[in-house]
Every structure is written in C-alpha cells, then in structure tokens.
Amino acid sequence: MHLKNIALSFLATLTLVTGAHAQGALGKSTANGEASVAQEASAFGFTHGSFVAAPIPIKNPTLGSGFALGAGYLFAMDDVSDDSYLGLGGFKTDNGSFGYGISGDIAWDENRWNLALTLGEVSLNYDYSLFGGDGPKIPLEQEGRLVNFTLKYGLTDAMRLGLNTAYVETALGLNSSDNLPAIFERDADLKIWRIGPMFEIDTRNDSTYPTAGSHLSINSNYNIVESKIFERTYTKSIAKLDNYTSVNDSLVVASQATICNASEGAPFFDQCGLGTVDAFRGFAFGEVLNNSLVSVQAEVRGVVTDRLGYVVFAGLGNVGPDFSDMKSKNIRSSGGVGLRFRLSQKFPLDFSMDAARADTGEDTYYIYVGQRF
C-alpha cells in the first residue's frame, strides 16, 4: 500500500469522526434529504463550531488490530459550503505499526473554494507477497513522513477543478535481523515529489451517507523520485465513479467503479492494488497488485432501526502490467456482510464492522468509521 495512502486513510478516519464532510451536521442535507439542525444564518463561521474527540477501533488485514484517537474542531463558513474541520490524531496496532498527524479541510465562499492540508508520520509493519501474491511473504518495515496539499475551485455547484501536491519521504527495511532482499533496493529510501490536476463532479445529496446522486473523481499525478540508486519519474492516474440509488426509505444501493494506471518507475507500494486505490475488501496489500487495475463493486445498505443497519457487498477486480495484459482467468472476487451502528442522531456517521471472503476462501475483517465508498 502506498505510504501516503495508508497515512491519509488513517488520518481521514481520525478526522471523519469529527464530522468532516458530514453535510447533515450544520443544517445541510442528511441521509433523508432534510435539515438536521435548524440554525440562524449568524450561526455560521469559524467561531460557531464545536469540538469533538473520540477513540476509534481499527481492524485491517494489512496492519492488524488497534486503536486510533482523533480530536477535531468542526465548523461551517456559510449555509451553503460543506462542513470544514481542523483535526489531529494518532493510531497504533498490535503488529507495532503507529502513526500521527494533523489535517484540515476548509470550504468557503458558498462552496466555491476548498483547501485541504495533511501532515503525518507513520511507521508500518506489514507482509508483502512477492510476484503479485503468488510468491513468499516478506515482513517489511516502512517509515515515512508526508505533506499533502489540495486546492479545489468550484466551476458550478457540482463541478470542481483542483490541484494536488505532495511530498513523501519513506525508508524501507526488513522487519527482522536479515538484510533487505535485492528486489526492494530501488524502493528502499525514497523522496517523492508529486503534483497533478484533479477533477470531480459531485451530485450526491450527502457526502457521509449518500442516498442519491453520484460522484466522479479523476486524479492524475506526475511524480519525481529521488533515491540513493537512481532518480526516476512516473505518473499515476485514478478515476472513480460512485453511484447511489434509494430503493425505499430504508434501503440504498451503492456502487463503485475504479480504473488505475501507474507507469513504469512507480515504487511497488505505489502501484495499483485491490484495496489500496479503491475500497475493495477481501485482500491484504500485495495480494493483487500491478501497474494497471480495474474493479467494480456494489453494496446494499439497509436500515433496521434509527441506530442499527447492515450491508451486503460483492466485487470483481483485475490487475496487470497494462490494461491489454489483463486476462479474464485472473479476475479476482470477494463478497461479504457488515453491521452498521449510527454514532449520532445528528451526524449520519456509522461505526462499521465487515467480514469479507475472497475467492481464495480466506476471510478478512474490518473495523472502521464511515462507509467504504
């Protein structure tokens, strides 16, 4: 898994519990499309926010089980803009992985502008399967620091253009007394500079628990890699399309399609993998990984009571050196079920527990906050 993506995913989890992007939090649309809190126009602005802090259990097939602690300040700049937040947090798992960082996301001028910044540091222990998951597992230790900056401008209410820049430092070693295998030497100690455009069309009625609409996002980055062995460059592009349809008041069908391509020169941890660039469940990092990826998945989300819900999900995915080299016999699949517990009647935010079974017959379990997509 890409170091930056790992850190951002955990930091996003930490800040998500503060209500980040929960449009129902401050008088905007909720899962049923109605205002959740009636507020005066004067109740908006930085000084009219609220502090939130909470522990978050973690269960991840790559990093193990543990806890994260997040704290943040949630506010809205006006009655049209998405919710903004400033947050900090950290996590630790039972395999010795840990990380900490700060993150902020601010929307203003009636959602015309959006700025996000994340700074973090992580130390990760994980097993990487050689040869696309068919080879032996190598216990790796990866440390790194990152700075990630994003600026978006709204062309219309639904359409945004943006620019993403990031700087990542990463050091790779073997999580044992042995020397790092030669196959990892080119990715052992890297400094990565990246910049690229972003484009999105978002018609969802809520960004935390959408029940209608769609979200198209396209990101493409140019990366400059500095290493002790040689300098190189590579590009990586990801396109995602999420769609949401309400069957009735208690049932929603959600789907996601993802296309990813990383050019030659990409470090192994920044290639396209099931569960790394998409929200695919059932595979740990390194099991299904290559330069190109296509995946589709669907999920039925049901509500039993005001607080209790469930999901049933399934997905298909494939990877290859490029799209033309993908073979139908290599298509991977997984499916499973999950439980949802609504953390607050004010926020459409769920505590989630999922069990997935891959086509290999192996079971994986996930605990997190929010929806997968």
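Residues numbered from 1 in each chain as written. Predicted model: local features only at pLDDT ≥ 70, side-chain atom pairs only at ≥ 80, totals over all residues. Heavy atoms only, no water.

Within the protein chain one finds one helix and 18 strands. Evaluated residue by residue, the protein chain yields a buried proportion of 50% over its 373 residues. Pairs at least 24 apart in sequence give 57% of the contacts found in the protein chain among residues at least 6 apart. Only carbon and sulfur atoms are counted for the fraction: they give 58% of the accessible area of the protein chain, which is about 16,400 Å². (Helix = DSSP H or I, 4+ residues; strand = E, 2+ residues; numbered from the N terminus. Buried < 20%, exposed > 50% of the residue type's maximum accessible area, 1.4 Å probe, protein only. Contact = heavy atoms within 4.5 Å. Areas by Shrake-Rupley, 256 points an atom, 1.4 Å probe, with all protein chains shown as cover.)

On to the state of the cysteines, then. Summed over all chains, the structure comprises one disulfide. The disulfide partner of Cys260 is Cys272, and the gap between their sulfur atoms is 2.0 Å. Negative torsions about the S-S bond denote left-handed disulfides, and the value of about -65° found for Cys260 with Cys272 makes this one left-handed. Residue Cys260 is located in strand β11 (residues 251–262), and its partner Cys272 is located in strand β12 (residues 272–273); the two are separated by twelve residues in the primary sequence. A residue is classified by how much of its surface remains accessible, and Cys260, at 0% relative accessible area, is buried. (Disulfide = S-S within 2.5 Å.)

Moving on, we get to empty space enclosed by the protein. Counted under the stated rule, the structure contains two cavities of 30 Å³ or more. Estimated volume of the second largest cavity: approximately 30 Å³. Lining of the second largest cavity is provided by Phe280, Arg281, Gln297, Phe313, Ala314, Gly315 and Ser334. When grouped by side-chain class, the residues that make up the lining of the second largest cavity number three nonpolar, three polar and one charged. (1 Å grid on protein atoms, 1.4 Å probe; cavity = no way out; pocket = protein on both sides within 12 Å on 5 of 7 lines; lining within 4 Å. Points joined across faces, edges and corners; volume = space filled by probe spheres on them. Nonpolar A, V, L, I, M, F, W, Y, C, P; charged D, E, K, R; others polar.)

Side chains of Val247, Val253, Val300, Val304, Leu308, Tyr310, Val312, Val337, Leu339, Phe341, Leu343 and Met353 sit close together on the surface and give an oily, nonpolar patch of about 960 Å² of accessible area. Those elements that provide at least two residues to the nonpolar patch are β15 (308–320) and β16 (332–342). (Patch = residues over 30% accessible without salt bridge, like charges linked within 9 Å, V, L, I, M, F, W, Y side chains within 5 Å. Salt bridge = Lys/Arg side-chain N within 4 Å of Asp/Glu carboxyl O.)

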